[in-house]
Amino acid sequence: MEKQVYLRQHIGKGKNYSAWDCNMADRSDIEWTDATWNPVTGCTKITRGCDNCYAARFAERWRGVSGHPYEQGFDLRLWPSRLDQPSRWRKPRMIFVNSMSDLFHKHIPQWFIDEVFQQMENADHHIYQILTKRSSLMRDYLKHRYSDSTVPKHIWCGVSVEDQTATSRILHLQTTPATVRFLSIEPLLGPLGDIDLKGISWVIVGGESGPDARSLHLDWVCDIRDQCASTGVPFFFKQWGGRTPKAGGRQLEGVEHNAMPNY
């Protein structure tokens, strides 16, 4: 009943912006993906890694602008009209799922998460990259949905890790039935120390960007790079960060690191 009521109330909303949504989603400046897909927008801050959230900063610029996709700012919103976007993209690509939200936010109903996963399973000519800070909720969901199997290999599951206080998310990820597991260590806000990379397929590291960006230290990054090298885990260095994402460039000790998982 909850699903039917919500769809009746919301399925038509945002259709005037379907072309805008597709054009904006069908490309991305994020170095490790090709496109973004946002069947949900908005979120709430739960850790210090969220303090200077780029998505919140962008969305809040449009709060109160009538008819704009972000007229509600960064308040949580489901977009049923966007669910079928990947199926309309014929060319295979890597798709970052919910770049403007977190699919496992506690206020997103399970039936909607089911719809998102059904779309990903059906449009399997793409690779999907899911990233969350709500790692225990993702773990529980994946264990339930894939109780007798594994997550399809074209659905990559990842967690954000910003400092040592967040490393429990890695354990949650390792206990999921995901085939491809990855870490987004961005923004990296302190040294992580020894990391358990067992079962991890990919590590992304990056610094914070924006007007209040916190500094990224060379030794923090090099330590993670070296641990990836010693365990054979592909390492991707996204950015140093700064006032803008590209302000500090992408080279680490004179080298760009662009390794990706085998797929």
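Numbering of residues starts from 1 in every chain and runs along the sequence as written. In keeping with the predicted nature of the model, local features appear solely for residues at pLDDT of at least 70, side-chain atom pairs appear and are counted solely at 80 or more, and the whole-chain, interface and lining totals rest on all residues. Computation of side-chain values: all heavy atoms of the structure, hydrogens and water removed.

**Structural notes on the packing of helix α5 (residues 110–122) against helix α6 (residues 135–145)**
Right, so step 1: Orientation is described by lines fitted to C-alpha atoms, with helices fitted over the stretch in contact, and by angles between N-to-C directions that extend from 0 to 180 degrees. Segments assigned H or I by DSSP are reported as helices when at least four residues long, segments assigned E as strands when at least two residues long, and all are numbered from the N terminus. Where α5 meets α6, the closest approach of the two axes is 12 Å, and the angle between their N-to-C directions is 65°. Considering the relative orientation of α5 and α6, their crossing is right-handed. The residues of α6 that touch α5, namely those facing Gln 110, Ile 113, Asp 114, Phe 117, Gln 118 and Glu 121, are Tyr 141, Leu 142, His 144 and Arg 145.
Right, so step 2: Amino acids outside the nonpolar list (Ala, Val, Leu, Ile, Met, Phe, Trp, Tyr, Cys, Pro) and the charged list (Asp, Glu, Lys, Arg) are all regarded as polar, and Gly is one of them. Among the residues forming the contact of α5 with α6, the class breakdown is 4 nonpolar, 3 polar and 3 charged. Here is the rule for handedness: rotate from the far helix to the near one, and if that takes an anticlockwise turn smaller than a right angle the crossing is left-handed, while a clockwise turn gives right-handed. Any two residues whose heavy atoms approach within 4.5 Å are treated as being in contact.

**Describing the nonpolar core**
Right, so step 1: Residues Phe 117, Leu 183, Val 203 and Ile 224 are the most contacted members of the largest nonpolar core, which totals 54 residues.
Right, so step 2: With 6 residues, the top contributor of residues to this core is α5.
Right, so step 3: Ignoring anything within four residues of it in the chain, the contact list for Val 203 reads Leu 183, Ile 185, Leu 197, Ile 224, Cys 228, Val 233, Pro 234, Phe 235 and Phe 236.
Right, so step 4: By nonpolar core is meant a set of buried Ala, Val, Leu, Ile, Met, Phe, Trp, Tyr and Cys residues that side-chain atoms within 4.5 Å join together. Each residue's exposure class comes from its accessible area (1.4 Å probe, protein chains only) as a fraction of the maximum for that residue type: buried when under 20%, exposed when over 50%, partly exposed otherwise. Grouped together as the second largest cluster of nonpolar side chains are 12 residues, Phe 96, Ile 127, Leu 131 and Phe 182 included.

**What to know about the packing of aromatic side chains**
Right, so step 1: Between the rings of Phe, Tyr and Trp (Trp by its six-membered ring), a pair exists once the centres lie within 6.5 Å; its type follows the angle of the planes, with under 30 degrees stacked, over 60 edge-to-face, and the other angles tilted. One pass over the full model with this rule turns up 15 aromatic pairs.
Right, so step 2: Arranged with centres 6.0 Å apart and planes meeting at 55°, the rings of Trp 37 and Tyr 128 form a pair that is tilted. Here Trp 37 is found in strand β1 (residues 35–37), whereas its partner Tyr 128 is found in strand β5 (residues 127–132), with 91 residues between them in sequence.
Right, so step 3: The class of Tyr 128 is buried, set by a relative accessible area of 0%.

**Some words on the state of the cysteines**
Right, so step 1: Only a pair of cysteine sulfur atoms within 2.5 Å qualifies as a disulfide here. Summed over the entire model, instances satisfying the criterion amount to 0 disulfides.
Right, so step 2: Sulfur of Cys 222: no disulfide; nearest cysteine sulfur belongs to Cys 228 and is 12 Å away.
Right, so step 3: You can call Cys 222 buried: its relative accessible area is 9%.
Right, so step 4: Its relative accessible area of 1% is what places Cys 228 among the buried residues.

**Remarks on unusual backbone geometry**
Right, so step 1: Looking along the chain, the bond that leaves Glu 186 and enters Pro 187 is cis, with omega of -5°.
Right, so step 2: At Asn 98, a residue that is not glycine, the phi angle is positive and equals roughly 60°.
Right, so step 3: Residue Asn 98 is classed as buried on the basis of its relative accessible area, which comes to 1%.
Right, so step 4: The phi torsion at Glu 253 lies on the positive side, around 50°, for a residue other than glycine.

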